[in-house]
Amino acid sequence: MRRFSFFGPGDAFEDNLAAGRLTLFQQSAYAKIVTLKLQKLHPTFVAEVSPVDLRRVHDRATLDEIHKGMDEFALLVFRDQPFADAEQLEFAQRFDGQIHARTGAAVVGKSRLGNEALTDISNLDETGEVMAPDDRRRMYALGNRLWHTDASFVDPPGRYSMLSARIVPSVPVDTEYADMRAAYDALPAQVKAQLEGLRAHHSIAYSRQTLGFEFSEDEQEKLKGAIHPVVRTNPRSGRSSLYVASHASRIIDWPVPEGRLLLRDLIEHATQPQFVYRHSWRVGDFLIWDNRATMHRARPFADTKHPRELRRVTTLDIAESG
Ligand code: OGA
Ligand code: MN
């Protein structure tokens, strides 16, 4: 049990706050104290947080508490968060700053949502119909079924992803998450020593190509990728995680096949059942995950039949001030 400061729905306070009419002192004087519960959903990570309406969380103290929850659990589940697009973008910005918009999807085609900062995680086309099996955007999106971490193919890479469930069919359309901190901790000491100082190249073109997706030369040129350490340490919690993904194409300075074999072994290790949490989506679910500390993948379902619509905002891993 933790104490959170929280602003209740429907306050005149909120109008004043949104209009920037309140001093910090007034903000804290108006804050209500409620008990916010974090209920663990997995032995090593993931907690469900309640009761809170994130659209109404503006105060630093509460946002800081959620950051602390992220440091501890790496994946937080919030139920019943009826975000509109603008509210989701605003929350992501005030929670964690700069938003990732250089997505792979933006290179392959324009988003039907009209804003590349809002990633369309759906199987719908611009008319709202489910996409045909051979729709190029569908085939590109199928890459989300590979274990990955968001925006590892840019520099700075993605930090937090925030995914809002808008349409969820009655068939299971789950997402799996793997705890890359627990996976790192469980490695034998000699493997940890071997990984020290290693760097990997990450490219979304590479992960899609492993599924047979083809890019034009121009697209490939725009999706050159980025290099990141194979082990990353969260500066706030001090915990290290494996930073690998299907985007990881090679280990820098290693022969390509040898590097790919190591990457495959590490992903296989990290996705053993004891490190994996499976999320069953409900409309209104809002998940925040730390891309430095987790991998995830969409699970298959009959996506040319059932509409499924989620929207994601991802922030960039830029050093935090203060
Ligand atoms: C994502 C993602 C998986 C899913 O939103 O980044 O990979 O199950 N989603 O839709
Ligand atoms: Mn993803």
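A quick note: this is a predicted structure, and the numbers were derived from the prediction, not measured.

A.B. asks: Could you give me a rundown of the sheet that holds strand β12 (residues 248–251), with the residues and numbers involved?
C.D. replies: Across the sheet, which stays open at both edges, the three strands sit in the order β9-β8-β12 with antiparallel pairing between neighbours. The two strands at the open ends of the sheet, each matched to only one other strand, are β9 (226–229) and β12. When the angles between neighbouring strand axes are averaged without regard to direction, this sheet yields 35 degrees. Across three bridges, the pairing between strand β8 (residues 199–202) and β12 is antiparallel. Paired with A200 across the bridge in β12 is I251. Along the sheet, helix α11 (residues 256–270) makes contact with β8 and β12, crossing β12 at roughly 120 degrees.

A.B. asks: Tell me about the nonpolar core, and name the residues and values.
C.D. replies: In terms of nonpolar packing, the biggest core is built from 56 residues, with L75, L76, L242, V244 and A270 touching the most fellow members. The greatest single-element share of this core, amounting to five residues, is contributed by α11. Leave out the neighbours within four places in its chain, and L242 touches M180, A183, Y184, V230, V231, L266 and A270. Formed by five residues, the second largest nonpolar core is a distinct cluster that contains A151, F153, V154 and A205.

A.B. asks: Hey, could you go over α11 for me, with residue numbers and the actual values?
C.D. replies: Taking 1.5 Å as the rise per residue, α11 with 15 residues should run 21 Å; its terminal C-alpha atoms sit 21 Å apart, in good agreement. Along α11, the residues classified as buried are G259, L262, L263, L266, I267 and A270. Taken down its axis, α11 places every buried residue within 130 degrees of arc, on the same side. Turned more than 90 degrees off the buried face of α11, the exposed positions are P257, E258, D265 and E268. Contacts made by the buried residues of α11 are with β7 (175–179), α7 (180–185), β8, β11 (240–242), β12 and β15 (294–298).

A.B. asks: Explain the confidence of the model for the protein to me, and be specific about the residues and the numbers.
C.D. replies: Here the protein averages 92 in pLDDT, while 89% of its residues score no lower than 70. Contacts for the low-pLDDT stretch residues 1–10, under 50 throughout, to residues beyond four places or in other chains number 31 contacts.

A.B. asks: Outline unusual backbone geometry, listing residues and values.
C.D. replies: Most peptide bonds adopt trans geometry, and most residues besides glycine take a negative phi value. A cis amide bond links S50 with the next residue in sequence, P51, at an omega value of -15 degrees. Among the structural elements, P51 can be located in the loop between β3 (47–50) and α3 (60–73). With an omega dihedral of 0 degrees, the bond running from D155 to P156 counts as a cis peptide bond. Locating P156 in the fold gives a position in the loop between α6 (136–141) and β6 (158–167). Of note in this structure, A151 is not a glycine but carries a positive phi near 55 degrees. As for its position among the elements, A151 is in the loop between α6 and β6. At D253, a position not held by glycine, the phi torsion is positive, near 70 degrees. Structurally, the position occupied by D253 is in the loop between β12 and α11. Overall, D253 belongs to the exposed group, with 8 C-beta atoms counted inside 10 Å.

A.B. asks: Give a detailed account of the sheet that holds strand β13 (residues 276–279), specifying residues and quantitative values.
C.D. replies: Taken in spatial order, the three strands make up an open sheet running β13-β7-β15, and their pairing is antiparallel. Sheet topology places β13 and β15 at the edges, where each strand pairs with a single neighbour. On average, each strand axis in the sheet is inclined to that of its neighbour by 20 degrees, with strand direction left out of account. As defined by bridge partners, β7 adjoins β15 across five bridges and the pair is classed as antiparallel. Looking at the pairing, T175 lines up with A298 of β15.

What counts, and at which threshold
Residues numbered from 1 in each chain as written. Chains lettered and ligands numbered in written order. Predicted model: local features only at pLDDT ≥ 70, side-chain atom pairs only at ≥ 80, totals over all residues. Pairing = 2+ DSSP bridges. Helix = DSSP H or I, 4+ residues; strand = E, 2+ residues; numbered from the N terminus. Axes fitted to C-alpha atoms, helices over the stretch in contact; angles between N-to-C directions. Contact = placed C-beta atoms within 7 Å. Core = buried A, V, L, I, M, F, W, Y, C linked by C-beta atoms within 7 Å. Buried ≥ 20, exposed ≤ 12 C-beta atoms within 10 Å, placed from the backbone. Expected span 1.5 Å × (residues − 1). Arc of directions from axis to C-beta. pLDDT = per-residue confidence, 0-100.

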